[in-house]
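Secondary and tertiary structure notes
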Amino acid sequence: MEENHLRPMSNLRQGARMFDLRLVAYSPFGDRLGVLPHPLAVEVAWPLNDVPSLKLAYTTTAASAGLLDEPCEVAVQWSADGNVWTEAPDSRFLRIKRRGDSSNPTGMAQFELPGFVWMLRKIVLYPGVAPLVDGKRAFLSATAGAILQTFISEAKGRGAVPGLNWDFTPTLDSAGQAWDKVLTIYYQPGMDALTALINLSEQGVCDFRMSGRTVQVYNADTQLSRDLASGPGPVDLRYGRDIAEAPDDGTLEDVASSVLVVGDNGLVETYTNAAAVQPWGPWEQYVGAGGVSDEGTATLLADSALEHAETERVQRTRGIVLYGARWLPLKDYRPGDRVLAPADGGALESLRIRQVTLARHSTGVLGGALVLNDRFLERDIRLARRTAGIVGGSTADAGSGARPAPEAPEPRTPAPPVGLIVNPIAYIDEHGLPQGQVTVTWGAVTQDVGGVALHVGGTSCSCASTRLGRRGSSSRPRRRPPQRRRTRRSSSVPSTPSRCGRSTSARRARSPVRWR
């Protein structure tokens, strides 16, 4: 086992658990080069479903400084005893950005390294062999595994990213579980794999991370959402032992009690929330719902906006103790886990770890912090994901933009739509009555049943209602509206405007990622 060359910890207590980090350099897609023993400063951030980052300061006169002269990989390893070192998930970084000053006599250089998953940015989608739909490549009724494997395998077939691996398939995630979501989605040729992966994660389709040079993708809120806050031995982060400080940043900037929703086809609706915080009376908010023309979907979007704007938003950051702590980051908990941690007033609550940050600066002391979400903020994230799915994200709800059809005998029958996905959602309207809304997506129809190109003027949905019978009962049933089961069916019509399945342009959903 290799010796740890990092500087000793001056405040390490005798008999306390020792937690430390070290840096190990690797050649690109190659073998281990050696330890970087004397960094001047190190700061590592592990966010959930995002690109990790490593900031590193090193002097050219220090041992092994030459390993950073050329592009390389840097692995961050942790140890709880100074003997056994482990590379945690998302802990391999790319030395691609450097900054130095030749006039500085110390020869100090600074490096900013994105996590290995950043390399997916260098994989772009090609048009493929199938005809494009409105200039976009279609993935019909596809899983996240099928979409991402297409990106990576085609790139490797062109000779790109030869050392990048993946351990999921079109049918199973990286944990060997069947994919629980399918979607019909369209991507513009030229879109990079990192943008597609983050977009899928933002819409609640999957979670992702790296294990060394291997991309791992899981069903959302499964493998990367461990519940360590319950059970006989919960991970409880307590003041003085595991937590050193607990700053909370709160703001009322986003509070609103009324929201104006403006959609397509003259849709203008106003929704209110009497339970919202109103210290200065009602505040208003605007939601632009392009692509939405029905009241049910507008209500869902308004509900999401009003719930997010109901009360003060609080960001919880917890400074963690690494010397003598009972629970250690990376070893006992990681991004995505739920742990017990001090919330408002210091009471322990179940909070989800959104980011782990560890840093060592000129003092040589290793410290860290956690960014935590409570159950209310997690609900907001789920609502945002649902909203993204409703308005489309990168999906196109129906076909449009097909080339004009060549001359052919009439009548012509369009080919049946493929990739049909039905997503029902129940909600309570402003009168307190239960309602239902169904979002239906399908692949564009560009040919007739004979395979000849066809311009489809529109697509319509039809629904049939079936009254459900009641089981017999000896007591008199209460009066209530009859339950109905609705069956929806979609069909293409060459010259009839679409009513249920409107066509919208595919859009690239962006997130504030530093390394994109």
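Above this note sits the structure.
Structure report, in brief. (Residues numbered from 1 in each chain as written. Predicted model: local features only at pLDDT ≥ 70, side-chain atom pairs only at ≥ 80, totals over all residues. Heavy atoms only, no water.)

**Observations regarding the overall build of the chain**
Along the chain, the regular secondary structure elements total 4 helices and 26 strands. Within the chain, buried positions represent 45% of all 516 residues. For the chain, contacts bridging at least 24 residues in sequence account for 69% of all contacts bridging at least 6. Of the roughly 25600 Å² of accessible surface on the chain, 50% is carried by carbon and sulfur atoms. (Helix = DSSP H or I, 4+ residues; strand = E, 2+ residues; numbered from the N terminus. Buried < 20%, exposed > 50% of the residue type's maximum accessible area, 1.4 Å probe, protein only. Contact = heavy atoms within 4.5 Å. Areas by Shrake-Rupley, 256 points an atom, 1.4 Å probe, with all protein chains shown as cover.)

**Here we look at the packing of helix 1 (residues 144-157) against helix 2 (residues 193-202)**
Direction vectors running N to C along helix 1 and helix 2 enclose 170 degrees, while the axes themselves pass 10 Å from each other. Of the possible angle classes, the one that applies to helix 1 and helix 2 is roughly antiparallel. Contacts between helix 1 and helix 2 involve Ala144, Ile147, Leu148 and Phe151 from the first element and Ala193, Ala196, Leu197 and Leu200 from the second. For the contact of helix 1 with helix 2, the residue count by class is 8 nonpolar, no polar and no charged. (Axes fitted to C-alpha atoms, helices over the stretch in contact; angles between N-to-C directions. Parallel < 35°, antiparallel > 145°, perpendicular 65-115°, else oblique. Nonpolar A, V, L, I, M, F, W, Y, C, P; charged D, E, K, R; others polar.)

**Observations concerning unusual backbone geometry**
In this structure, phenylalanine 29 is a non-glycine residue whose phi angle is positive, near 55 degrees. Considering the arrangement of structural elements, one finds phenylalanine 29 in the loop between strand 1 (20-26) and strand 2 (32-36).

**Quick notes on the nonpolar core**
Formed by 44 residues in total, the largest nonpolar core has its most connected members in Leu237, Tyr333 and Leu358. Among the elements that line this core, the one with the most residues is strand 21 (residues 348-360), at 4 residues. Aside from chain neighbours lying at most four places away, what touches leucine 237 is Asp242, Ile243, Trp327, Tyr333, Val339, Leu340, Ala341, Pro342, Leu348 and Leu370. With 38 residues, the next largest nonpolar core counts Ala144, Ile152, Ala155 and Leu197 among its residues. (Core = buried A, V, L, I, M, F, W, Y, C linked by side-chain atoms within 4.5 Å.)

**Some details on the pattern of salt bridges**
Under the criterion given, the structure shown has 16 salt bridges. In this structure, aspartate 248 engages arginine 318 in a salt bridge whose closest nitrogen and oxygen atoms are separated by 2.9 Å. Pair noted here: aspartate 248 is in strand 15 (residues 248-251) and arginine 318 is in strand 19 (residues 313-320), with a separation of 70 residues, a long-range link. Given a relative accessible area of 0%, arginine 318 falls into the buried group. With a closest N to O distance of 3.4 Å, lysine 331 and aspartate 332 form a salt bridge. (Salt bridge = Lys/Arg side-chain N within 4 Å of Asp/Glu carboxyl O.)

**What about the environment of glycine 336?**
Tracing the backbone through its elements, the reader meets glycine 336 in the loop between strand 19 and strand 20 (338-342). Discounting residues that sit within four places of it in the chain, glycine 336 has contacts with Leu48, Leu224, Ser225, Arg226, Arg352 and Ile353.

**Side note on the packing of aromatic side chains**
One pass over the full model with this rule turns up 5 aromatic pairs. Measuring from centroid to centroid gives 5.9 Å for phenylalanine 139 and tyrosine 187, while their planes differ by 65 degrees, and the two rings are edge-to-face. Here the residue phenylalanine 139 occupies a position in strand 9 (residues 137-142), and tyrosine 187 occupies one in strand 11 (residues 183-187), the gap between them amounting to 48 residues. One exposure class covers both phenylalanine 139 and tyrosine 187, and it is buried. A ring pair is formed by phenylalanine 151 and tyrosine 187, whose centres lie 6.0 Å apart and whose planes are at 70 degrees; its orientation type is edge-to-face. Within this pair, whereas phenylalanine 151 is found in helix 1, its partner tyrosine 187 is found in strand 11, the two being separated by 36 residues in sequence. Neither residue differs from the other here; phenylalanine 151 and tyrosine 187 are each classed as buried. Within the aromatic cluster, the residues linked to one another by ring pairs are Phe139, Phe151 and Tyr187. Its guanidinium or amino end placed over the ring of tyrosine 26, arginine 92 lies 4.2 Å from that ring's centre, counting from NZ or CZ. Here the basic side chain of arginine 158 rests over the ring of tyrosine 126, its NZ or CZ set 3.7 Å away from the ring centre. (Phe/Tyr/Trp six-rings, centres within 6.5 Å; stacked < 30°, edge-to-face > 60°. Lys NZ or Arg CZ within 6 Å of the ring centre and 35° of its normal.)

**Describing the pairing of strand 19**
Most of strand 19 sits out of view: 6 of its 8 residues are buried. Where strand 14 (residues 243-245) meets strand 19, 2 bridges bridge the pair, whose relative direction is antiparallel. Looking across to strand 19, one finds that glutamate 245 is bridged to glycine 319. Of the pairings in the sheet, the one linking strand 19 to strand 22 (residues 366-373) comprises 5 bridges and is antiparallel in character. (Pairing = 2+ DSSP bridges.)

**Points about the sheet that holds strand 18 (residues 284-288)**
Sheet strands associate in pairs through backbone hydrogen bonding, adopting either a parallel or an antiparallel arrangement. Spatially, 3 strands are ordered 17-16-18 in an open sheet, and the strand pairing comes out mixed. Strands at the two margins of the open sheet, each flanked by one partner only, are strand 17 (268-272) and strand 18. The average angle at which neighbouring strand axes cross in this sheet is 20 degrees, direction not considered. Judged from the 5 bridges that link them, strand 16 (residues 258-262) and strand 18 form a sheet pairing that is parallel.

**Regarding the sheet that holds strand 5 (residues 73-79)**
Reading across from one edge, 2-1-5-6 is the order of the 4 strands in this open sheet, with antiparallel pairing throughout. The open sheet terminates on both sides in strands that have one partner only, identified here as strand 2 and strand 6 (86-94). On average, each strand axis in the sheet is inclined to that of its neighbour by 30 degrees, with strand direction left out of account. Where strand 1 meets strand 5, 7 bridges bridge the pair, whose relative direction is antiparallel. Residue leucine 23 lies in a different strand from strand 5, and its bridge partner there is valine 76.

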